[in-house]
Amino acid sequence: MRKTTILFFAILLTAMQAFADGAAYNLNKLRVQYLEASKDSEVGKKFNKLMHDYKGQDPVVMAYRAASDATMAKYVWNPYSKLKHLKTSAAGFKEAVAMSPNNAEIRFLRFTVEHYVPRYLDMSGHLDEDKKIIISSLRNHRKAGLDPDFARTMRDFLLTKDHLNEEEKVQLKQVVI
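Residues numbered from 1 in each chain as written. Predicted model: local features only at pLDDT ≥ 70, side-chain atom pairs only at ≥ 80, totals over all residues. Heavy atoms only, no water.

Got a minute to help me understand the overall build of the protein chain in this structure?
From N to C terminus, the protein chain includes ten helices and zero strands. Burial analysis of the protein chain (177 residues in total) assigns 38% to the buried set. The contacts in the protein chain between residues at least 6 apart in sequence include a share of 57% that link residues at least 24 apart. As displayed, the protein chain offers around 11000 Å² of accessible surface, 58% of which is attributable to carbon and sulfur atoms. (Helix = DSSP H or I, 4+ residues; strand = E, 2+ residues; numbered from the N terminus. Buried < 20%, exposed > 50% of the residue type's maximum accessible area, 1.4 Å probe, protein only. Contact = heavy atoms within 4.5 Å. Areas by Shrake-Rupley, 256 points an atom, 1.4 Å probe, with all protein chains shown as cover.)

How do you make sense of the nonpolar core when you look at a structure like this?
Across soluble globular proteins, nonpolar side chains show a tendency to be buried alongside one another. Grouped together as the largest cluster of nonpolar side chains are 40 residues, with contacts concentrated most on Y64, L138, M154 and L158. Elements with a minimum of two residues in this core: α2 (27-37), α3 (41-53), α4 (59-75), α5 (79-99), α6 (104-116), α7 (127-139) and α9 (148-160). In contact with M154, not counting residues within four places along its chain, are A104, F108, I134, L138 and L146. (Core = buried A, V, L, I, M, F, W, Y, C linked by side-chain atoms within 4.5 Å.)

Sorry, what's going on with the layout of surface pockets here?
It is a probe the size of a water molecule, rolled over the atoms, that shows where empty space is left. Its boundaries defined by the atoms lining it, the largest pocket holds a volume of some 780 Å³. Along its surface, the largest pocket is lined by 29 residues, and Y34, S38, T71, T112 and Y116 are the ones closest to its centre. Every element with two or more residues in the lining of the largest pocket is listed here: α2, α4, α5, α6 and α9. Considering only residue class, the lining of the largest pocket consists of 19 nonpolar, five polar and five charged. (1 Å grid on protein atoms, 1.4 Å probe; cavity = no way out; pocket = protein on both sides within 12 Å on 5 of 7 lines; lining within 4 Å. Points joined across faces, edges and corners; volume = space filled by probe spheres on them. Nonpolar A, V, L, I, M, F, W, Y, C, P; charged D, E, K, R; others polar.)

Looking at this structure, I do not really get α6. What am I missing?
Residues that lie three or four places apart on an α-helix share one face, since the helix turns once every 3.6 residues. Here α6 is 13 residues long and its end C-alpha atoms lie 18 Å apart, about the 18 Å a rise of 1.5 Å per residue gives. Every buried residue of α6 is accounted for by A104, E105, I106, R107, F108, L109, R110, F111, T112, V113, E114 and H115. Packing partners of the buried residues in α6 comprise α2, α4, α5, α7 and α9. The backbone nitrogen of E105 has a side-chain oxygen 2.9 Å away, supplied by the residue at the start of α6, namely N103. (Expected span 1.5 Å × (residues − 1). Polar contact = N/O pair within 3.5 Å; in protein donor to acceptor, adjacent residues only side chain to side chain.)

Please clarify how the packing of α7 against α9 should be interpreted in this entry.
In a pair of packed helices, the angle between the axes and the distance between the axes together describe the arrangement. At a minimum axis separation of 11 Å, α7 and α9 run at an interaxial angle of 130 degrees. One element, α7, and the other, α9, form an angle in the oblique class. Of the two elements, α7 crosses α9, and the hand of that crossing is left-handed. Of the residues in α9, those touching α7 at I134, I135 and L138 are A151, M154, R155 and L158. Within the contact of α7 with α9, the residues separate by chemical class into six nonpolar, no polar and one charged. (Axes fitted to C-alpha atoms, helices over the stretch in contact; angles between N-to-C directions. Parallel < 35°, antiparallel > 145°, perpendicular 65-115°, else oblique. Left-handed = near helix turned anticlockwise from the far one by under 90°.)

Just to check I follow, could you spell out the packing of aromatic side chains for this structure?
Two numbers describe a pair of aromatic rings. These are the distance of the centres and the angle of the planes. Going through the model one piece at a time under the given rule, you end up with seven aromatic pairs. A ring pair is formed by F111 and F157, whose centres lie 6.4 Å apart and whose planes are at 85 degrees; its orientation type is edge-to-face. Here the residue F111 occupies a position in helix α6, and F157 occupies one in helix α9, the gap between them amounting to 46 residues. Pair check on accessibility: F111 and F157 agree, each one buried. Overall, F157 belongs to the buried group, its relative accessible area being 14%. (Phe/Tyr/Trp six-rings, centres within 6.5 Å; stacked < 30°, edge-to-face > 60°.)

Any chance you could explain the packing of α2 against α3 here in plain terms?
α3 packs onto α2 with a crossing angle of 140 degrees between their chain directions and a minimal axis gap of 8 Å. With respect to α3, the axis of α2 lies oblique. Between α2 and α3 lies a crossing of left-handed hand. Taken together, the residues of α3 that come into contact with α2 (itself represented by L30, Q33, Y34, E36 and A37) are V43, G44, F47, L50 and M51. Here the residues of the contact of α2 with α3 sort into seven nonpolar, two polar and one charged.

What's the story with unusual backbone geometry in this structure? I'm lost.
A negative phi holds for most residues other than glycine; trans holds for most peptide bonds. One non-glycine residue, D122, adopts positive backbone phi at about 55 degrees. Here D122 shows up in the loop between α6 and α7. The class of D122 is exposed, set by a relative accessible area of 70%.

Quick look at the structure:
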């Protein structure tokens, strides 16, 4: 009887922890937290800690962890530390993309990071590849299962940056989300 009770509580605690982790790593929350982290160093540090506490294998959450590492590069002054954060970010994105190669959100996160990385670091090699997947997903956003608000964010970001040719701009402007 005692072993059964202990086993029951162990299972209950595990389930409660999994539920708490799921709430902490909700994609809608992560999107907001990432945006805030990119604007404030203290929030960025907390977000980075939260993301590195994640032990699951959801590729999108793993991509947010990689993005949080890139954000930390923005807040450290030492060039070696900046580069270390960017390399950690690149490795995290590589793993997330390998797990879910056609996921537009993962590709968009990597695209935004690589967009802001100085070109002379030669760490922006996936921009064209990611852009193609993002545009394709936006053109078929309903079938791709994209969150409408996030799809608009992706489209608007692409339209305001310098990575689209005229044909791609026309295509994205015609996408109704």
